[in-house]
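So you can see what is in the structure, the chains are spelled out below.
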Amino acid sequence: MVEWSDSECSTIASVWCKINVDEIGPQALARVLIVYPWTQRYFGAFGNLSSAAAILGNPKVSEHGRTVLNALDKAVKNLGNIKGTYSELSQLHCDKLNVDPDNFRLLADCLTIVVASAFGSALNPAVQATWQKFLSVVVAALSSRYF
Amino acid sequence: MLSNTEKELIVQIWDKMLPVAEEIGSEALLRMFTTFPKTKTYFSHLDISPRSEHLRCHGKKIVQALAEGARNISTLTTTLAPLSRFHAYQLRIHPTNFKLLNHCILVTLACHMGENFTPVAHAAIDKFLSAFSAVLAEKFR
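Residues numbered from 1 in each chain as written. Chains lettered and ligands numbered in written order. Predicted model: local features only at pLDDT ≥ 70, side-chain atom pairs only at ≥ 80, totals over all residues. Heavy atoms only, no water.

Regarding the overall build of chain B
Now for step 1: Summing up its helical and strand segments, chain B has seven helices and zero strands in all.
Now for step 2: Seen in sequence order, chain B has helices and strands lined up from the N terminus as α-α-α-α-α-α-α.
Now for step 3: Computed over the C-alpha atoms, the radius of gyration of chain B is 14 Å, within 12% of the 14 Å expected from 2.2 N^0.38 for a compact globule of 141 residues.
Now for step 4: With respect to the three principal axes, the spread of C-alpha positions in chain B is 40 × 35 × 25 Å.
Now for step 5: A total of 141 residues make up chain B; the buried ones form 48% of that total.
Now for step 6: As displayed, chain B offers around 7,300 Å² of accessible surface, 56% of which is attributable to carbon and sulfur atoms.
Now for step 7: The centroid of the 16 positive side-chain charges in chain B is displaced by 9 Å from the centroid of its 12 negative side-chain charges. (Helix = DSSP H or I, 4+ residues; strand = E, 2+ residues; numbered from the N terminus. Rg over C-alpha atoms; globule rule 2.2 N^0.38 Å. Buried < 20%, exposed > 50% of the residue type's maximum accessible area, 1.4 Å probe, protein only. Areas by Shrake-Rupley, 256 points an atom, 1.4 Å probe, with all protein chains shown as cover. Lys, Arg positive; Asp, Glu negative; His and termini not counted. Charge placed at Lys NZ, Arg CZ, Asp CG, Glu CD.)

Here is the structure:
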């Protein structure tokens, strides 16, 4: 059972409300596809992913980046039950999408780095630690229905 | 595998970081200690509180070693041989910790470089840090 202090709750909410999903979502997904190219295996239907420029300009990548990041909103609003919140999404990623859950951590790391680029020193060590604790709970929840 | 463009980018970035080695290195370490508290177990002999002399000094050493590695990418094993021996026989750090510091170095670079820390730069530095860590862990067993 994950426990959140009041300070952690307000840090997470504060980081989330400053994130522009329409910008950060596409950047985070593009970055994981560029930095960890094996993740492209799940996006065969997205068209041209042959270079960093192609990935950054790909409208399907942008759209999907927005979808993925919007889904984080549910976790922010349900910190007390992130595992339950993502139960169906976890099953989907396992049974239908067949995504190796080790890749969730890579996307979480890329998201943190994109947020760091946007926030600068506002993502100080304490804020980073709380944000990463939140993302590691999200990653664990998405991995929870893999059998 | 690093392309020539990536090697140049890596040298450029670390050359920019050298003048602020203390700041960058100590920040990366502090991020690692805060986000991954277990990493502090290797530093019980130092004062690693924020802005401490030890933290700044140790951070500077790390960035200087990385900059040196960046200038000698094709001979990393030779260049890092003393450091590699040190990490294997004296420090004996659990190898998973290299990834934790590498990640915090990337976050620090992103915070300082903003949009200049492009996906291509990120990929190049990540690959370099992985190669660097692999050499440091080479003699572990």
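Describing the interface of chain B and chain A
Now for step 1: At the interface, 19 residues of chain B touch 20 residues of chain A.
Now for step 2: Together, the buried faces of chain B and chain A total about 1,600 Å²; carbon and sulfur atoms form 64% of this surface.
Now for step 3: Of all residues in chain B, His103, Pro119 and His122 of chain B bury the most surface against chain A, accounting for 31% of the area lost on that side.
Now for step 4: At the boundary of chain B and chain A, one finds zero salt bridges.
Now for step 5: Run the count over chain B and chain A and you get seven residue pairs in polar contact (both at pLDDT 80 or more).
Now for step 6: Mapped onto the side of chain B that touches chain A, the elements with two or more residues apiece are α2 (21–35), α6 (96–113) and α7 (119–137) of chain B.
Now for step 7: No other element matches the six residues that α6 of chain B contributes to the side of chain B that touches chain A.
Now for step 8: In the side of chain B that touches chain A, the residues fall into eleven nonpolar, six polar and two charged. (Contact = heavy atoms within 4.5 Å. Buried area = accessible area lost by both parts, 1.4 Å probe. Salt bridge = Lys/Arg side-chain N within 4 Å of Asp/Glu carboxyl O. Polar contact = N/O pair within 3.5 Å; in protein donor to acceptor, adjacent residues only side chain to side chain. Nonpolar A, V, L, I, M, F, W, Y, C, P; charged D, E, K, R; others polar.)

Looking at the UniProt feature "domain: Globin" (unreviewed entry) in chain A
Now for step 1: Under the UniProt annotation, the feature "domain: Globin" (unreviewed entry) is placed at residues 3–147 of chain A.
Now for step 2: Along residues 3–147 of chain A one finds 70% helix and 0% strand; the C-alpha atoms at either end are 26 Å apart. (UniProt positions renumbered as here; feature names shortened; annotations may be inferred.)

A look at the confidence of the model for chain B
Low-pLDDT stretches of the model should not have their predicted coordinates read in fine detail.
Now for step 1: Mean pLDDT over chain B works out to 95, with 100% of the residues at or above the 70 mark.
Now for step 2: Here the complex is predicted with pTM 0.90, and the ipTM for its interfaces comes to 0.82. (pLDDT = per-residue confidence, 0-100.)

Points about the packing of aromatic side chains
Residue and element names in this part refer to chain B.
Now for step 1: Scanning all chains against the criterion turns up seven aromatic pairs over all chains.
Now for step 2: Both rings, one in Phe33 and one in Phe43, keep their centres 5.0 Å apart while their planes meet at 70°; by these two values the pair is edge-to-face. Residue Phe33 is found in helix α2, and its partner Phe43 is found in the loop between α2 and α3 (53–71); the two are separated by ten residues along the sequence. Residue Phe33 shares its accessibility class with Phe43, and that shared class is buried. (Phe/Tyr/Trp six-rings, centres within 6.5 Å; stacked < 30°, edge-to-face > 60°.)

Structural notes on the UniProt feature "domain: Globin" (unreviewed entry) in chain B
Now for step 1: Under the feature "domain: Globin" (unreviewed entry), the UniProt entry names residues 1–141 of chain B.
Now for step 2: As annotated, residues 1–141 of chain B has a helix share of 71% and a strand share of 0%, and its two end C-alpha atoms lie 24 Å apart.

Side note on the pattern of salt bridges
Residues and elements named next belong to chain A.
Now for step 1: The full count for this structure, using the stated rule, is eight salt bridges over all chains.
Now for step 2: Between Lys133 and Glu8 there is a salt bridge, with its nearest N and O atoms 3.2 Å apart. Here Lys133 is found in helix α9 (residues 125–142), whereas its partner Glu8 is found in helix α1 (residues 6–18), with 125 residues between them in sequence.
Now for step 3: Asp73 is the partner of Lys77 in a salt bridge, and the nearest nitrogen-oxygen pair spans 2.7 Å.

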